[in-house]
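Here are the chains, one letter per residue:
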Amino acid sequence: MGKIYIVKRILYTFFVFAVVVTLCFFIPRIGVDDPCSRYYPSQGNMTDEQYEIIKELTREQYGLDGTTWSQYCRYVAKLCRGDLGTSYKSGNPRVLDLILERLPWTLVLSVSNMLISVFFGVLIGAFCAWKRGGWQDRALMNASTITTAVPSFFLALLLSLLLGFTWEIFPAYADQNLVSSFRWDAAHIANVAYNAALPVISCSIGGIVGYAQNTRNSVIAVSNENFIITAKAKGLSNNGVIYKHMLRNAMLPIATSLGMSISGLIGGSVVIEQIFNWNGVGTLFLEANNTNDYPLMMGIMIFLSAFALAANLVTDLCYSLLDPRVTLGEKR
């Protein structure tokens, strides 16, 4: 992997990030004459001049004074120092602090979902590839069709109805005291796992089927290669051929899927968090949207974008390391 390629990918990532920051700043302001209008007090006995002074002070307090471009320049300057701004919530907390407070709870769902999906998906996919044409393979194909047609939030609602309300196996809604009362002991960790069971199951069903389908197709693609025929001729066991030779050489598409999953770790479960009332970053974003908290909305979108871009960059670099034949746009 050449140094020129690494530099080009890094520069491209920074360019995309700059575009994302610009869009995140200007899109929430489209069609809004004065973003600060909802924070103005009622005029009461004030004169028009006094009321204008109050409004100007309010704009200065929330950083909405001056032209839109001057606000943008100030925001970018703060962003370069790692400052995502100040929320409009009571007490004016820092946006980054609010995100970091909710981030671990989003990662509980997303990381659990990714690990379960990759582990079981790869094993099932490799097995179905070996049993190509059998009932296991047909079952995987049917499951893939169903999960593609049925959105994840519908599965979440169905599981919530059956496992949460009807059979009461798991809580249909997460305990709202999890965040404030959590402590690092066995009882609280078990309580978190119990409350996270339904959201994780809802996300993992589609993830397992997706990884299994990708793995199955990748393994079948390399199953007729010469080195596989040689391994079979040497008398290796079926498991040795599948998991040591086939699967190892079918990892490129799986690595791509894994990179895409990592890039969506934080922002990929907004709807699931809302359905199960899980206090993660997704729920925080919806709260900011409902209260027109512009700094918080922009901060969350920029944070998610930066995480996704960094994950994609690492995936691109790892992709070329896994297969040196891949040049990804470089001239041979």
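Up top is the structure these notes are about.
Okay, so let's go over this structure. Given the structure is predicted, the values throughout are model-derived calculations rather than measurements. (Residues numbered from 1 in each chain as written. Predicted model: local features only at pLDDT ≥ 70, side-chain atom pairs only at ≥ 80, totals over all residues. Heavy atoms only, no water.)

### Examining the overall build of the chain
If you tally the helices and strands in the chain, you get 14 helices and 0 strands. Tracing the chain from N to C terminus, the helices and strands come up as α-α-α-α-α-α-α-α-α-α-α-α-α-α. Restricting the contact set of the chain to residue pairs at least 6 apart, pairs at least 24 apart contribute 73%. (Helix = DSSP H or I, 4+ residues; strand = E, 2+ residues; numbered from the N terminus. Contact = heavy atoms within 4.5 Å.)

### A word on the side chain of Gln71
You can see Gln71 is positioned in helix H3 (residues 68-80). Contact partners of Gln71, with chain neighbours within four places excluded, come to Phe25, Arg29, Gly63, Leu64, Asp65 and Gly66.

### A word on unusual backbone geometry
Unusually for a residue other than glycine, Glu168 sits at a positive phi of about 55 degrees. Structurally, Glu168 is set in the loop between helix H6 (152-166) and helix H7 (178-181).

### Remarks on the packing of helix H5 (residues 135-149) against helix H8 (residues 186-222)
One can describe the packing of H5 onto H8 by two numbers: an axis separation of 9 Å at closest approach and a directional angle of 130 degrees. It follows that H5 is oblique to H8 by the angle criterion. Considering only the axes of H5 and H8, their crossing is left-handed. Across the interface between the two elements, Asp137, Leu140, Met141, Ala143, Ser144 and Thr147 from H5 touch Ile205, Gly206, Val209, Ala212, Gln213 and Arg216 from H8. (Axes fitted to C-alpha atoms, helices over the stretch in contact; angles between N-to-C directions. Parallel < 35°, antiparallel > 145°, perpendicular 65-115°, else oblique. Left-handed = near helix turned anticlockwise from the far one by under 90°.)

### Some details on the nonpolar core
In this structure, Leu84, Leu296, Ile300 and Ile302 are the most contacted members of the largest nonpolar core, which totals 27 residues. Sorting the residues of this core by element identifies helix H1 (3-26), H3, helix H4 (95-130), helix H13 (281-290) and helix H14 (294-322) as the ones contributing at least two each. Counting residues per element, this core draws most heavily on H14, at 6 residues. Setting aside its immediate chain neighbours within four residues, Ile300 contacts Ile99, Val281, Leu284 and Phe285. (Core = buried A, V, L, I, M, F, W, Y, C linked by side-chain atoms within 4.5 Å. Buried < 20%, exposed > 50% of the residue type's maximum accessible area, 1.4 Å probe, protein only.)

### Quick word on the layout of surface pockets
Considering only enclosed or pocket space, the second largest pocket measures out at about 340 Å³ in volume. If you trace the second largest pocket, you find 19 residues lining it, with Tyr62, Gly63, Lys78, Thr86 and Pro295 closest to the centre. Elements represented by at least two residues in the lining of the second largest pocket include exactly H3 and H14. Among the elements that make up the lining of the second largest pocket, the one with the highest residue count is H3 (4 residues). Looking at the lining of the second largest pocket, its residues break down into 8 nonpolar, 7 polar and 4 charged. (1 Å grid on protein atoms, 1.4 Å probe; cavity = no way out; pocket = protein on both sides within 12 Å on 5 of 7 lines; lining within 4 Å. Points joined across faces, edges and corners; volume = space filled by probe spheres on them. Nonpolar A, V, L, I, M, F, W, Y, C, P; charged D, E, K, R; others polar.)

### Details of the environment of Glu56
Here Glu56 is to be found in helix H2 (residues 48-61). With 16 residues separating them along the chain, Glu56 and Tyr40 place their C-alpha atoms 9.7 Å apart.

### Overview of the pattern of salt bridges
All chains considered together, the criterion is met by 5 salt bridges. Between Arg94 and Asp97 there is a salt bridge whose closest N-O contact spans 2.9 Å. Here Glu287 makes a salt bridge to Arg102, at a shortest N to O gap of 3.4 Å. Of this pair, Glu287 sits in helix H13 while Arg102 is found in helix H4, placing the two residues 185 residues apart along the sequence. Residue class for Glu287 comes out partly exposed when judged on its relative accessible area of 27%. Three or more residues are tied together by salt bridges with common partners; here these are Lys89, Arg102 and Glu287. (Salt bridge = Lys/Arg side-chain N within 4 Å of Asp/Glu carboxyl O.)

### Considering the side chain of Ser117
Locating Ser117 in the fold gives a position in helix H4. Within the structure, Ser117 has its side chain in polar contact with the backbone oxygen of Asn113 (distance 2.7 Å). In this structure, Ser117 is in contact with Val122, Ser204, Gly207, Ile208 and Tyr211, ignoring residues within four places of it in sequence. (Polar contact = N/O pair within 3.5 Å; in protein donor to acceptor, adjacent residues only side chain to side chain.)

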